[in-house]
Each structure stands twice: as C-alpha cells, then as structure tokens.
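One-letter residues, chain by chain:
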Amino acid sequence: MTQQIVIDPVTRIEGHSKITIQLDDTGNVADARFHVTQYRGFEKICVGRPFYEMPALMGRICGICTISHMLASAQACEEVMSVRVMGTARRLREVVNYASLIQSHALSFFHLSSPDFLLGMDSDPAKRSIFGLMESNPEIARDGVRLRRFGQRIIELMAGKRIHPTWIVVGGVSERLSPETREEILGMIPEAYEILQRTLGWFKRTLEDYREEIRIFADFPSLFMGLVDEHDEKHEIYRGRIRIADVNGKVVAEFHRNRYQEFIGEAVEPWTYLKFPYYLPEGYPDGIYRVGPLARLNILDRLGTPMADQELVEFKDLNRLSSFHYHLARLIECLHAVERIEQYMADPAILGNRVRAVANANVDSGIGVTEAPRGTLIHHYTVDEQGLITGANLVVSTTHNNLAMNRGVLQTARRYVDGNKLTEGMLNRVEAVIRSFDPCLSCSTHAYDRLSLDVELRGPEGELLDEVLR
Amino acid sequence: MAVVRSRIKTLKIDGQDVGAHEDETILEVARENGIMIPTLCQLDGLSLVGACRLCLVEVVGWRNLVPACTTYVEEGMEVITNSERLQKYRRMIIELLFAEGNHVCAVCVSNGNCELQWKAQKLGMDHVRFTNQNPDRRVDMTHEHFVVDANRCILCTRCVRVCDEIEGAHTWDIFGRGENSTIISDFNLPWGESPTCSSCGKCVNVCPTGALVEKGKAAGEMIKRTEFLAYLTKMREVKK
C-alpha cells in the first residue's frame, strides 16, 4: 500500500510551505512536491494608487529583501516617467543593494543553513539552529551575526532604518550621503573582509564532507538566468540585460527587460500558490531554469572585482549544476559586494547632491528588473493618464526557481527517504535542498498565512498516511 | 475707538475656577488656562463646525456631551474635560475614523506627520475594534501639483472652510450623505479642471491627514504647514 509523508512546515526558510512525498507500494518515493501555502495579493492592492507610491508599498512585500522590491519598483516607475537615474543616485542605490545582498546572504548561510553543515544533517533538530551553533561554534555564529549586521548597518545609515526604509524614492533617493556616514561605512569594511575570508576557508574545506549531498541536492542540467552589466561582461545586480545561459555557460538568450514576456511564460498548478515560470521557447516544464547566486555566477566568466574573481576561478572547477553550491556562490557574491561597496564609497562622487529627479507619468507602462539576493526580480506596472496604477505583474525571484525546487525535492527524497523507515535526518535533507535555494515565500506569493514548511506521506490513492508538522 | 467689553462669566473647568468672556467657547477658555482638550476639525483662523466630536466634554447637570469648540461658556458651568467616559468615546471616535476610510499609515505619504495618527497615538488607540469598511474611494491626480485621495479623508471640512473663508474661492464642498459623503471640487469636476481653484495650496496645508497632498511625495515625506493661517488672519485684522 502506498503512503504520503508530509513535512509541514518546512523550517529555517523565509515564509510558509510544506513538502509532500508520495510513496509507492514498496515504500519507495514515487513523487515529491514543494507546496507554498500562503497567498497575499499585492498585485491587486496597488491598483488605483498613484504610481510614485509604489516603492514604499511594494517594499512591504518583504522585510528581508525590501530594498530589492523598492529598487525594482522604483525602476518600473522611472520607466513610467521616462527618467533614468544616473550618477550619484544610482551609485547610492547600488551600495544599498549590495548591503541588502550581504545581509540576506548572511542570514541564509549562517542563521538558516550553516547548522546543517556544522552540526550535521542528522543532528538533534532541537539544537540544529543558530542557537545550537552559538554553543558549539560561537566564533562562526558571531561571524554570521556580524556580517549580517554589516549589511543592515549600511542600510540603516544610508536609508534611515534597517527594515522598511523609505529612502529609495521614485526618481532617485530622498537624501544625499553625509561624509560621516561614508567614513563609518568605510571603517566597517576590513572586518567584513576578514569574516568572509575566514568563512570561505572553512566552508570550502567542509565541501569534501558533503560530496554526496552535492551530487543529490538538485543536481541536474537546467538553464540559468540573471542580469549582466549593460555595457560590460560582468556581474550586475542593479540594472542590466537579462541573460539566459545553458549548463556550459553558453548564452541561449539575452534580452532587454521590456521583452521578458517573450522569453518567460508562467504556468499554474492547483496544489500550490506559487506559479511556475519557464523559458518559453522550450515549453513547460522543459524550460526549467534557475536564478540566484548560483545562476549569476554560472552565466558569467567574471564578476569584475579582484578577490571575488579569484574565488570564481576556483568555483568554476566545481560541479556547478548542483544547487548545493548556491551556498558557496552566496559567499563569493558577498565578497564581491564588499569590494564593490568599498570601490563606490572611495569615489568622492558618492557625496554628490544631485540625487532625485522629478517627473510625472509620461508613458503608460514600465518594467523594472533587479537582482534580489535570491534571483531576478521583475516589477511591471501599467498606469492610466493621471498616473494611477491600473495593473501590476510581479515575477519574483523565488518563483523562477519553483520548477527546480520541485525537481530538487524529488531527487533528494528519492535518494534519502525510505518509506519503510522514516528518520528525521532524511526529512531534514529534503528541507535542506529547499534551503539551498534560500526561497522567500512571502515575496514569491506576494502572501500571508502560518509560518514555515510541513512534510506529508501519501498512499497511491492519495490518502494521508503520515505527516510531520512543526 | 470705544471697546465694547463683553460680560464676564465664571465657571469651573476640571475643578479649577476660571473667568471668561461670554463670547468665548469652552475650548478657548480651557486653552487659556492650560487645560488641553484634543481637537481635529478645529483650526485657529477658521470658522467652527464641531464636526469631529473629539473635543466632547461633560457639563455637570447636562444630559448630553457637548463639543468644547462650539459651546459657549455659561455662568456657573462645571465642565469636565478628561473623564474615563470621555477618553473611551474619544478613542472610539478615532477608531471609527480609521475603520471608515482606508488609512494605511505604513505606506502613507503623511506617515509621521499626520494629525489623525498623532491623535490615535495620544489617545492610546492600539488597534481598531470595528470592522474595516475598506470603501472603494476615488483618487484624483488631475491637478498639476496636488492630489486628493478620498481614502484618507475624515470629512473635517478644514479644506472647505479655508478655501471659502481665507482664499475666497470655495472650490471645495461636501457631496453625498452619511458614509457616502465625500469632498468634491466645484460641481464634482476633476480637480485639474476646476475653474475656481487658484492652486494656492491652502487646503493641502490645513488637511490633517494624507487626503490632500502634494504630488510626487514618497511615504512619510508630506509635511503640512499651517503657520500661514495665523499670519494671514493677523494681517487682515491689522488692515481693518
């Protein structure tokens, strides 16, 4: 008789979800799915509001990647105004965006995922958390907290507060950078480098212990999507061309953001609130692609800063199809982000006064695309003659990874889950594959509900046999 | 010029013996004596309407609560401005205002600079006990510089009064009844098409919430300036 295992909720991720694992008559895994159980509706809430209110409104989608949503939103609004933010304002936005990337990556790597690496996938779940880490590896826990603080402090200093600042406005930013803030930020940089070098050191050594997980954790060929610099062949998270590359890094498509609908389709399944974007020319579900840190490193040969580029050379020798390497990619991106922040802050032009452009709505739609910490983020608005929003379409980072996350869950469940003898460690590995993608589910469903991820075990007729609720 | 002095009345406010001219309201006398009564629709320099009911006070021996802003003093009156009952009603009034419109402070352009928000904080409103009505109200961005967002309007009529009494244009007025009441420009024309509006911005500056605002302001950026009103009133008195 067949069974279904439910992991509900999935823990140590951002948002609410569950995993169901379908077993066949012999207790082997037949299928596995990742369900997102929340729903929010920001695309509807914003209708009828003035376009220039969008960054603050859309920023509320998420408390972790507020900056990413505000930037994508502001860029879409600037398209509506036919204004392009350049010079100091653009640099200031980029610095805050890098700071946001660092704080989010630090949270994902240290707080959410490192307990799996340092305490073990099979360790006591009661201890397998940042608090357990504080007992067993206090220096590493401290590094995590300090690195996250580095990002959050920059956001606080520049944008006014850590969570939901309103400094990013349509047309630029609301206030220029003060020389004191610049000094304080420059003073924090050496510690950030130290933490990252230290962390890269121990984590790269640990990889050897996770050979098997690397082979199983969503390790399959897929396309990769991310932004690249508009003019140069380098890493870009603020604004750029959208590139889709294959497993070998060969560019399959590269296009302006305004054409995203020609390349990306969205499918819907009845069992989850999360849509399934796919690469249109390959159809659904073959057009599977991944976004985020791994994808951003896979579509390029250089990041554009010396230390990160050195790490990238080593990274390229790894099995870059495994989603396990999202973790290492995250650390390399953090290093790159610190280098960029240092470079931009060192330039006196960062203290410029011209930081905000003013204009009314001049065209009837706008598309803004940035790279959020977890991948490509698209905000697309339409407005009426007055500039009131008539429609919004958001394609959020985590959503792009939905097909890959589901396939990864199945691959991992097949390898580790034995329906005849369930252990907590098996199920933790199924959750860990989701964690490697660092999904942000409240963002992706633009949604609300209970916290976190559950696992269900179902029989062939679909009957619920067992479930793990947290 | 002979000064005609009005008669003096004596009364008690919160147990304090006070003297007042007969043409003074309870609110004025209370303020002169350092007793603060919360207000929202009242603004020095504009006529009084008693619309918001936030300044309700108790008068000993009177059956009904009365608005301090429109009730004139009487000899021997005993006024209570801050009883538990009044605090309860005032908080309820603020909650009803929040429930009736669409007030979302976190993303509002007036966040942090809003009289409604200040009053809610001051009167200890920690949540709204009434069901939010989530009305479908109009946002008009047709004016070149300003926006009217009826979602955030509390119908205090400050805009109507300042436009009529100070600017002399009378562009604004109230349309409809009950919960369907709304402010309109002229004969319900889009603001941008108003033949009477002089674009002076007085209505925007006296509006206590984010209902009348400057265009293009981001969340928390709209700061109202009401000082002009006292200045204008003073200068007109001097001219007389």
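Residues numbered from 1 in each chain as written. Chains lettered and ligands numbered in written order. Predicted model: local features only at pLDDT ≥ 70, side-chain atom pairs only at ≥ 80, totals over all residues.

A. The arrangement of the overall build of chain B in detail. Helices and strands together make up the secondary structure of chain B, namely six helices and ten strands. With respect to the principal axes defined by its C-alpha atoms, chain B has extents near 55 × 50 × 30 Å. Within chain B, the fraction of its 240 residues that count as buried is 35%. Across chain B, the fraction of contacts at a sequence separation of at least 24, relative to all contacts at a separation of at least 6, is 64%. (Helix = DSSP H or I, 4+ residues; strand = E, 2+ residues; numbered from the N terminus. Buried ≥ 20, exposed ≤ 12 C-beta atoms within 10 Å, placed from the backbone. Contact = placed C-beta atoms within 7 Å.)

B. Highlighting the sheet that holds strand β8 (residues 251-255) of chain A. Spatially, β8-β7-β6-β11 (chain A) is the arrangement adopted by the four strands of the open sheet, whose pairing is mixed. One side of each edge strand has no neighbouring strand; the edge strands of this open sheet are β8 and β11 (289-290) of chain A. (Pairing = 2+ DSSP bridges.)

C. Up close: the interface of chain B and chain A. Opposite the eleven residues of chain B that make contact, chain A presents 17 residues. Taken together, the residues of the side of chain B that touches chain A break down into seven nonpolar, three polar and one charged. (Nonpolar A, V, L, I, M, F, W, Y, C, P; charged D, E, K, R; others polar.)

D. Just the domain arrangement of chain B, in detail. All names here are of chain B. Once the domains are mapped, chain B shows domain 1 (8-82) and domain 2 (100-239). For domain 1 and domain 2, the distance between their C-alpha centres works out to 26 Å. The interface is formed by twelve residues belonging to domain 1 together with 17 residues belonging to domain 2. Taken together, the residues of the side of domain 1 that touches domain 2 break down into nine nonpolar, two polar and one charged. (Domains from an automatic or database assignment.)

E. Looking closely at the sheet that holds strand β12 (residues 365-372) of chain A. All names here are of chain A. Taken in spatial order, the three strands make up an open sheet running β12-β13-β14, and their pairing is antiparallel. Looking at which strands have only one partner, the edges of the open sheet turn out to be β12 and β14 (389-395). Within the sheet, the average angular offset between the axes of one strand and its neighbour, ignoring direction, is 15°. In the sheet, β12 pairs with strand β13 (residues 375-383) via eight bridges, with the strands oriented antiparallel. Note that in β13 the partner of E371 across the bridge is T376. Packed onto the sheet, helix α3 (residues 66-81) meets β12 and β13 and runs at close to 155° relative to β12. (Axes fitted to C-alpha atoms, helices over the stretch in contact; angles between N-to-C directions.)

F. Examining the confidence of the model for chain B more closely. Scored by pLDDT, chain B comes out at a mean of 94, with 98% of its residues at no less than 70. Complex prediction metrics read pTM 0.89 and ipTM 0.86. (pLDDT = per-residue confidence, 0-100.)

G. Region of the structure containing the packing of helix α11 (residues 306-315) of chain A against helix α12 (residues 326-346) of chain A. Residue and element names in this part refer to chain A. In the contact formed by α11 and α12, the axes pass within 8 Å of each other and the chain directions differ by 160°. Here α11 is positioned roughly antiparallel relative to α12, judged by the angle of their axes. When the axes of α11 and α12 are compared, the crossing they make is left-handed. In this structure, α11 contributes M307, A308, E311, L312 and F315 to the contact, and α12 contributes L328, I332, L335, H336 and E339. Across the contact of α11 with α12, the residue classes break down as seven nonpolar, one polar and two charged. (Parallel < 35°, antiparallel > 145°, perpendicular 65-115°, else oblique. Left-handed = near helix turned anticlockwise from the far one by under 90°.)

H. Molecular detail of the packing of helix α4 (residues 87-119) of chain A against helix α6 (residues 138-159) of chain A. Residue and element names in this part refer to chain A. In the contact formed by α4 and α6, the axes pass within 8 Å of each other and the chain directions differ by 160°. What the angle tells us is that α4 and α6 run roughly antiparallel. α4 and α6 meet at a crossing whose hand is left-handed. A per-class count over the contact of α4 with α6 returns 16 nonpolar, seven polar and two charged.

I. Main features of the confidence of the model for chain A. Mean pLDDT over chain A stands at 90; residues scoring 70 or higher make up 95%. A low-confidence stretch, residues 446-451 of chain A (pLDDT under 50), is modelled with 22 contacts involving residues beyond four sequence positions or located in other chains.

J. Structural context of helix α14 (residues 402-416) of chain A. Taking 1.5 Å per residue as the helical rise, α14(A) with its 15 residues ought to reach 21 Å, and the 21 Å between its terminal C-alpha atoms agrees with that figure. Among the 15 residues in α14(A), 13 count as buried, and that is most of the element. (Expected span 1.5 Å × (residues − 1).)

K. Focus on the pairing of strand β7 (residues 241-245) of chain A. Residues and elements named next belong to chain A. Burial runs high along β7: four of the five residues are buried. Where strand β6 (residues 223-228) meets β7, five bridges bridge the pair, whose relative direction is antiparallel. Across the sheet, residue G226 finds its bridge partner in β7, namely R243. The pairing of β7 with β8 spans four bridges and is classified as antiparallel. Looking across to β8, one finds that I244 is bridged to A253. What sits between β7 and β8 in their antiparallel hairpin is a turn of five residues, with G249 showing a positive phi close to 85°.

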